[in-house]
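# Coordinates in review
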Amino acid sequence: MITLTGTAASNGIAAGRLLFQEKRLHTPSPRAGASAEEELARFRSACLDADRELESLCFAALERDCRDEADIFKVQRILILDPDFITPVEQAILEEGRDAAYAVHQAAERLSDMLRRTSNDYMRARAADIKDAAERLLALLTGSRQAASLPDGPSIIAARELTPSETVGLMHLGILGFATQLGSSLSHAAILARTLGIPAVTEIRTDLFQYNGRRVLLDGYQGLLYIDPDPQTEEASFRRERERTAHIHALASLPCSTRDGTPITLLANISTPGDTEGALSFGAAGIGLMRTEGLFWERRPNEEAQFAACRAVIDRMAGKPVTFRALDIGADKCASWLRLPSERNPALGMRGVRLLLRHRELLIPQLRAILRASAFGPVRLMAPMVSSVKEMEEFRRAVHQVMNELSRAGIPFDPSLPVGSMIETPASALIAGELAKVSDFFSVGTNDLTQYTLAVDRQSETLPELIDTSHPAVLKLIGMAVQRAQQEGIPLCICGEAAADLRLCEAFLNLGVRSLSVAPQAIPALKEKIRTLTLQEKPSPVPQGI
Ligand code: PEP
Ligand code: MG
């Protein structure tokens, strides 16, 4: 038995035959004979065709509720329009007299090599996207598509690196797992493996081709690939896997309360109706945050499409409460179709409720969709990025206006639908007392609250160590919001990433928080932690609500 070590990228255990996917980027000839203008025109037309292909792949993925898959094609659409890619291609055609296909090949090789050498994990993972997008362009320019060898039975796919399209193509073939020499836990193969719930190990820095066809055991928990595993190792790995799964299932049905018997509500954060499956299987008591942006990335959905998505979430949750957050778009969450004026500091500009109140054509159809859906199950609605009482009052006025319209038209909705406020700006925490008077509940967004309190970009690559939700300033603001919610008698939930941080859990509960909303997969570990805690005496926790 040989043991190879890599990076654990997706949990799970699988055993089977290793199938190495060999795929080389086309290497076209330097010069095909056409004029530079003709080659340039061919290149531009191939870019338009590739963009159209990617757009329809994206739509098809969204129709199937596969957000991760859609994101892959979205990234590639951006890459083929990126000047870092286009400019060298055009220069090679015009200034060096290169054939369009050759120029694309060279530019893609150079850009992906450059990305692979960066220290940023996310950028390194994009090297595979550039190769994938270039393959599409080359296929259009040369009229040939290279088919990868397909598994003829359940296999563990190995590759030097898997491009997103290859991964998506393989996903539907019942494969057991992925093992790659390059890539990272942020590569698409890893992301898709997590979505599919199959194991993946990346960065196994060995030539895997030499093991093609051998029996292997893939351990996605520890980042290991065993070649010709011995029966004891295989048996022990699967036994641990069965124990883990049984433990998670057992946890899902156990009540969530502290050791001293205080019940805690664990909810799920989701982005698409498809995510409800994970929420239910991990035992969520409801949806604490539906990021409705998930419906808006690629196109602007009309009221009917939004209503159908909201209704699907409500139906699938079968009576469990669902909190929809009104569209929080702008800054780091910009939809490709939304043309916002460029701002020097977009995170401090037009986003969240600020944008909605100034763009009623976005707000009103969404409110109508959510309110109409509220006739089919327990629903709450919240406004993102609130920083003043006036904003919340205006938001509520819009809700009432829509309620009046629906009543006049005889369309059913829940007239007592709770309307809450996200607490994710320091201002909202500081005026939580006043805000509580115009809010039916609070939901603390620790991601943005941390960014704005500590004046550090939540996606900062230069100062990642400063993004610290446990900073006393952030905890103080959360404490203020909790205290005001207690005084005003409204429920409060924490829904930012910090809600899943096992190190902060006890502090949050001791503040009086009784409701946490996290990614579905984070629920079991959080529940396990909560069940070990004994809380300090607290006179008045926040009302349970959800
Ligand atoms: C937050 O800011 O913590 C939050 C939950 O919202 P988002 O991450 O979607 O901005
Ligand atoms: Mg936020």
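Structural notes, computed from the coordinates. (Residues numbered from 1 in each chain as written. Chains lettered and ligands numbered in written order. Predicted model: local features only at pLDDT ≥ 70, side-chain atom pairs only at ≥ 80, totals over all residues. Heavy atoms only, no water.)

Let us look at the coordination of the magnesium ion (ligand 2). Coordination of the magnesium ion (ligand 2) by the protein involves Glu424 (OE) and Asp448 (OD), with metal-donor separations of 2.0 to 2.1 Å. Of this pair, glutamate 424 sits in the loop between β13 (419–423) and α15 (426–430) while aspartate 448 sits in helix α17 (residues 446–454), placing them 24 residues apart in sequence. With respect to burial, glutamate 424 and aspartate 448 carry one shared label: buried. (Donors = N, O, S within 2.8 Å, 3.2 Å for Na, K, Ca; no water. Helix = DSSP H or I, 4+ residues; strand = E, 2+ residues; numbered from the N terminus. Buried < 20%, exposed > 50% of the residue type's maximum accessible area, 1.4 Å probe, protein only.)

Residue pairs spaced three or four apart in an α-helix point in one direction, given the helix's 3.6 residues per turn. Considered for burial, the residues of helix α20 (residues 523–530) that qualify are Ile523, Pro524, Leu526, Lys527 and Ile530. In a view along the axis of α20, the buried residues occupy a sector of 165°, so they form one face of it. (Arc of directions from axis to C-beta.)

The next subject is the site of ligand 1. Lining the immediate environment of ligand 1, one finds 14 residues, of which Arg291, Arg325, Lys333, Asn447 and Arg458 sit closest. The contact in question runs from an oxygen atom of ligand 1 to an N or O atom on the backbone of asparagine 447, over 2.7 Å. Note that an oxygen atom of ligand 1 is positioned 3.0 Å from one of the backbone N or O atoms of aspartate 448. For ligand 1, whose free accessible area comes to 280 Å², the fraction covered by protein is 99%. Going through the elements one at a time, β10 (287–291) and α17 are the ones with two or more residues in the shell around ligand 1. No other element matches the three residues that α17 contributes to the shell around ligand 1. Partitioned by chemical class, the residues of the shell around ligand 1 number three nonpolar, four polar and seven charged. (Near = heavy atom within 4 Å. Polar contact = N/O pair within 3.5 Å; in protein donor to acceptor, adjacent residues only side chain to side chain. Areas by Shrake-Rupley, 256 points an atom, 1.4 Å probe, with all protein chains shown as cover. Nonpolar A, V, L, I, M, F, W, Y, C, P; charged D, E, K, R; others polar.)

Let's shift gears to the pattern of salt bridges. Summed over all chains, the structure comprises 28 salt bridges. Arginine 77 is the partner of aspartate 51 in a salt bridge, and the nearest nitrogen-oxygen pair spans 2.9 Å. Here arginine 77 lies in helix α2 (residues 67–79) and aspartate 51 lies in helix α1 (residues 36–63), a separation of 26 residues in the sequence. The exposure classification of aspartate 51 matches that of arginine 77, with both residues buried. In this structure, arginine 368 and glutamate 405 form a salt bridge, with 3.4 Å as the shortest nitrogen-oxygen distance. Residue arginine 368 is located in helix α13 (residues 360–373), and its partner glutamate 405 is located in helix α14 (residues 389–408); the two are separated by 37 residues in the primary sequence. (Salt bridge = Lys/Arg side-chain N within 4 Å of Asp/Glu carboxyl O.)

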